[in-house]
Amino acid sequence: DMTLLIHKVLGLVRKELALHRVKPVIAIAPDFPAVWGDEVQLQQLLLNLIMNAVEAMNEVSPSRRMVAIWTEAQQGGVSIGISDRGVGLAPAHEERIFQPFFTTKERGLGLGLTICSNIIQAHGGKLTLTNHKDGGAVATISLPASEMLMAAK
């Protein structure tokens with residue numbers, strides 16, 4: 001249940017959001033289908049992407065700091081989006097962001113997005129990172145819906 005998992009992760013990052021003065025905006029689709037997967041790995045995925053979004057806004061005025069998380073049911077799957085109002089992705093970095101040990105952070109290891117990519121691939125999904133037209137970045141997670149649950153409907 002990705003809806004429950006998203007809320008669990010938000011509970012884990014609540015203090016970080018408050019500390020960095022980031023407003024979360026959540027839009028969960030009704031009748032959002034379940035996915036098959038490892039709950040701990042998917043939690044790690046969401047946690048890392050949300051924390052990346054928070055860190056991307058360190059240099060942004062607190063009044064603009066917002067992380068939006070939304071879900072959408074798609075034919076045969078689900079889509080989860082996480083966007084921020086940070087600096088976005090530099091064009092020179094777009095091809096390297098999923099490579100191990102590539103980082104733009106002063107204290108980063110360069111493994112977070114590599115781990116996220118591996119988790120998504122292990123679950124038969126896809127992870128994309130793009131720049132938002134209004135500034136910031138958007139991470140989009142696509143996962144197949146639980147076939148068993150879909151067949152029962």
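Visitor: Got a minute to help me understand the overall build of the protein chain in this structure?
Guide: A count of helical and extended segments in the protein chain gives four helices and five strands. Shown N-terminal to C-terminal, the secondary structure of the protein chain runs as helices and strands in the order α-β-α-β-β-α-β-β-α. Relative to all contacts within the protein chain whose residues are 6 or more apart in sequence, the contacts with residues 24 or more apart total 66%. Carbon and sulfur atoms provide 54% of the accessible area of the protein chain, an area that totals close to 9000 Å².

Visitor: In this structure, what is going on with the sheet that holds strand β2 (residues 66-74)? I would like to understand it.
Guide: Note on sheets: strands pair through backbone hydrogen bonds, and any given pair is parallel or antiparallel. Read from one edge of the open sheet, five strands run β1-β2-β3-β5-β4, paired in mixed fashion. The open sheet has two free edges, formed respectively by β1 (23-27) and β4 (126-131), since each of these has just one partner strand. This sheet shows a mean twist of 15 degrees between the axes of neighbouring strands, independent of strand direction. Relative to β2, β1 runs parallel, the two being bridged by five bridges. Opposite lysine 23, over in β2, you have methionine 66 as the bridge partner.

Visitor: Looking at this structure, how should I read helix α1 (residues 2-19)?
Guide: For the α-helix, the turn length of 3.6 residues means that residues three or four positions removed from each other point alike. Look at α1: 26 Å from first C-alpha to last across 18 residues, which is about the 26 Å you get at 1.5 Å a residue. Maximal helix bending in α1 amounts to about 50 degrees, located at valine 13. Met2, Leu5, Ile6, Val9, Leu10, Val13 and Leu17 are the residues of α1 that are buried. In this structure, the buried residues of α1 make contact with β1, α2 (39-55), β2 and β3 (77-83). The N-cap of α1, judged by a side-chain oxygen 3.0 Å from the amide nitrogen of threonine 3 a few residues on, is aspartate 1. Looking one or two residues past α1, arginine 21 carries a phi angle of roughly 55 degrees, positive in sign.

Visitor: Help me understand the nonpolar core in this model?
Guide: For soluble globular proteins, nonpolar side chains are generally found buried alongside one another. Counting 37 residues, the largest nonpolar core has Leu46, Leu49 and Ile141 as its most contacted members. Only α1, α2, β2, β3, α3 (112-122), β4 and β5 (137-144) provide two or more residues apiece to this core. By residue number, the principal contributor to this core is α2, which donates eight residues. If we skip the residues at most four places from it in the chain, leucine 46 touches Met2, Leu5, Ile6, Val9, Ile80, Ile82 and Ile141.

Visitor: Help me out: how do you make sense of α2 in this one?
Guide: Helix length check: α2 (17 residues) gives 24 Å between terminal C-alpha atoms against 24 Å at 1.5 Å per residue, within 8%. Buried positions along α2 lie against α1, β2, β3, α3, β4 and β5. With a side-chain oxygen lying 3.0 Å from the backbone nitrogen of valine 40, the N-terminal cap of α2 falls on aspartate 38.

Visitor: Even after reading the chapter, I still don't get the packing of α2 against α3, so can you show me in this structure?
Guide: In contact at an axis separation of 9 Å, α2 and α3 are set at 145 degrees when each is read in the N-to-C sense. Between α2 and α3 the crossing geometry is left-handed. In this structure, α2 uses Gln41, Leu42, Gln44, Leu45, Asn48, Leu49 and Asn52 to contact α3, whose residues at the interface are Gly112, Leu113, Cys116, Ile119 and Ile120. Looking at the contact of α2 with α3 residue by residue, the classes come out as seven nonpolar, five polar and no charged.

Visitor: Would you mind showing me how to read the pattern of salt bridges here?
Guide: Two side chains of opposite charge can pair, provided their charged atoms sit close to one another. Counting across every chain of the model gives one salt bridge. Between glutamate 39 and lysine 8 there is a salt bridge, with its nearest N and O atoms 2.6 Å apart. Here the residue glutamate 39 occupies a position in helix α2, and lysine 8 occupies one in helix α1, the gap between them amounting to 31 residues. Owing to a relative accessible area of 40%, glutamate 39 belongs among the partly exposed residues under this scheme. The partly exposed category is assigned to lysine 8, whose relative accessible area is 39%.

About the thresholds
Residues numbered from 1 in each chain as written. Predicted model: local features only at pLDDT ≥ 70, side-chain atom pairs only at ≥ 80, totals over all residues. Heavy atoms only, no water. Helix = DSSP H or I, 4+ residues; strand = E, 2+ residues; numbered from the N terminus. Contact = heavy atoms within 4.5 Å. Areas by Shrake-Rupley, 256 points an atom, 1.4 Å probe, with all protein chains shown as cover. Pairing = 2+ DSSP bridges. Axes fitted to C-alpha atoms, helices over the stretch in contact; angles between N-to-C directions. Expected span 1.5 Å × (residues − 1). Bend = angle between axes of the 7 residues up to and from the residue. Buried < 20%, exposed > 50% of the residue type's maximum accessible area, 1.4 Å probe, protein only. Polar contact = N/O pair within 3.5 Å; in protein donor to acceptor, adjacent residues only side chain to side chain. Core = buried A, V, L, I, M, F, W, Y, C linked by side-chain atoms within 4.5 Å. Left-handed = near helix turned anticlockwise from the far one by under 90°. Nonpolar A, V, L, I, M, F, W, Y, C, P; charged D, E, K, R; others polar. Salt bridge = Lys/Arg side-chain N within 4 Å of Asp/Glu carboxyl O.

These results come straight from atomic positions and should not be treated as a statement about function.
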